Amino acid sequence: MTSLDKPDLVTTTVRWRWPAVHPEGRKFVVIAGVIAVAFLFFISDEIGWPLLGVTLWVAAFFRDPIRTTPTGEGLIIAPADGLVTMIATVPPPRELTADDALVDGLYTRVSIFMSVFDVHINRTPIAGTVTRVVYIPGKFLNADLDKASEDNERQHILVEGANGLRIGFTQIAGLVARRIVPWVKPGDAVAAGQRVGLIRFGSRVDVYLPTSIAPQVMLGQRTIAGETIVGRAGVSDAPEGVSQ
């Protein structure tokens, strides 16, 4: 190598791209778009333009961005985008404890509230096998209320990792949400951060951590599904932070 020769620089870049619209939402985008165009051309511009804005919002609601999931022993990843609104020590839902699915006792429930502006595709917190999917019909109270975890339409999912760690999480419908759409069933093998379902139009996801695992997120923090670490097996110290 001469003095003019230089070693190649090793660089890694990622280009930003528009998130795709998930197939589950494309029909809603088409319906909203057809209605908007009909109003624009045949009925009223004053109504058509706002409806066109609604069409763009529907497309944004069903956006499906690519996520980069961290890998490592014992990591528990956020199942939802949104705001951490509650962290409480509670018994797990009975649907997750029947037949020795989760051991009876107390768990740390981390509640993530998704507004209508958040991505609503949910992802599994750990890699493993889906051992339980239980759908419960219910009410459509504000998903930010504590009692929504027991009264609202919801779906419980339990995943067991190869190391025996079991993590349960619950999709909860909200005021506007009217349907929980599952993409997995018992017996399915899933990777950490894999898409497992969505909730339409505003909702919440609760994830249940064994009390020996301290949550690694704080109240008021925003999480990113498939990326934010909400817990780590073997770590019992919770972080501290300041809202600013």
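Residues numbered from 1 in each chain as written. Predicted model: local features only at pLDDT ≥ 70, side-chain atom pairs only at ≥ 80, totals over all residues. Heavy atoms only, no water.

Thoughts on the nonpolar core
Here's step 1: Counting residues in hydrophobic clusters, the biggest one holds 25 residues, and the most contacted among them are Ile-76, Val-110, Ile-157, Val-159, Ile-167 and Phe-169.
Here's step 2: Elements supplying a minimum of two residues to this core: strand 5 (107–114), strand 8 (154–160), strand 9 (166–173), strand 12 (195–199) and strand 13 (203–210).
Here's step 3: Sequence-distant contacts of Ile-76, defined by excluding residues within four places in its chain, comprise Pro-125, Ile-126, Leu-165, Ile-167, Leu-209, Ile-213, Thr-228, Ile-229, Val-230 and Gly-231.
Here's step 4: Residues Val-58, Ala-59, Ile-121 and Leu-198 belong to the second largest nonpolar core, which totals 9 residues. (Core = buried A, V, L, I, M, F, W, Y, C linked by side-chain atoms within 4.5 Å. Buried < 20%, exposed > 50% of the residue type's maximum accessible area, 1.4 Å probe, protein only. Helix = DSSP H or I, 4+ residues; strand = E, 2+ residues; numbered from the N terminus. Contact = heavy atoms within 4.5 Å.)

Details of the sheet that holds strand 12
Here's step 1: Strand order in the open sheet formed by 3 strands is 6-12-10, with antiparallel pairing between adjacent strands. Each of the sheet's edge strands pairs with one partner strand only, and the pair in question is strand 6 (121–123) and strand 10 (180–182). Strand-to-strand twist in this sheet, taken as the mean axis angle between neighbours without regard to direction, amounts to 25°. (Pairing = 2+ DSSP bridges. Axes fitted to C-alpha atoms, helices over the stretch in contact; angles between N-to-C directions.)

Focus: the sheet that holds strand 5
Within a sheet, neighbouring strands are paired by backbone hydrogen bonds and run either parallel or antiparallel to one another.
Here's step 1: Pairing in this open sheet of 8 strands is antiparallel, and the strands run 11-7-8-9-13-5-4-14 from one edge to the other. Here the strands that pair on one side only, and so sit at the sheet edges, are strand 11 (189–190) and strand 14 (222–223).
Here's step 2: For strand 4 (residues 82–90) and strand 14, the ladder comprises 2 bridges, and the chain directions are antiparallel. From the neighbouring strand, Gly-82 faces strand 14, where its bridge partner is Thr-223.

Brief notes about empty space enclosed by the protein
Here's step 1: Evaluation of the coordinates by the stated rule reveals 1 cavity of 30 Å³ or more.
Here's step 2: By volume, the largest cavity amounts to about 40 Å³.
Here's step 3: What lines the largest cavity is simply His-22, Phe-61, Phe-62, Arg-63, His-120, Ile-121, Leu-198 and Ile-199.
Here's step 4: Residue classes in the lining of the largest cavity are distributed as 5 nonpolar, 2 polar and 1 charged. (1 Å grid on protein atoms, 1.4 Å probe; cavity = no way out; pocket = protein on both sides within 12 Å on 5 of 7 lines; lining within 4 Å. Points joined across faces, edges and corners; volume = space filled by probe spheres on them. Nonpolar A, V, L, I, M, F, W, Y, C, P; charged D, E, K, R; others polar.)

Regarding the pairing of strand 7 (residues 128–136)
Here's step 1: Strand direction decides the pairing type here: strand 7 and strand 11, joined by 2 bridges, are antiparallel. Along strand 11, the bridge assignment pairs Thr-129 with Ala-189.
Here's step 2: Taken together, the 7 bridges between strand 7 and strand 8 define a ladder with antiparallel strand orientation. Directly across from Tyr-135, in strand 8, lies its bridge partner Gln-155.

Topic: the pairing of strand 9
Here's step 1: The buried count for strand 9 comes to 7 of 8 residues, which makes it a mostly enclosed element.
Here's step 2: Judged from the 7 bridges that link them, strand 8 and strand 9 form a sheet pairing that is antiparallel. Residue pairing in the sheet places Ile-157 in a bridge with Phe-169 of strand 9.
Here's step 3: If you look at the hairpin formed by strand 8 and strand 9, you'll find 5 residues sitting between the two strands, and Gly-164 has a positive phi there, around 90°.

Notes on the environment of Ser-243
Here's step 1: Relative to the assigned elements, Ser-243 resides in the segment after strand 15 (229–232).
Here's step 2: Of the residues examined, Ser-243 reaches a relative accessible area of 68% and is grouped as exposed.

A look at the packing of aromatic side chains
The geometry of an aromatic ring pair is captured by the separation of the ring centres together with the interplanar angle, meaning the angle of the planes.
Here's step 1: Under the definition given, this model contains 1 aromatic pair.
Here's step 2: With a centroid separation of 5.5 Å and an interplanar angle of 10°, the aromatic rings of Phe-28 and Phe-62 are classed as stacked. Of the two residues, Phe-28 is situated in helix 1 (residues 23–43) and Phe-62 in the loop between helix 2 (45–61) and strand 2 (63–64); the sequence distance between them amounts to 34 residues.
Here's step 3: Residue classification places Phe-62 among the buried positions, given a relative accessible area of 2%. (Phe/Tyr/Trp six-rings, centres within 6.5 Å; stacked < 30°, edge-to-face > 60°.)

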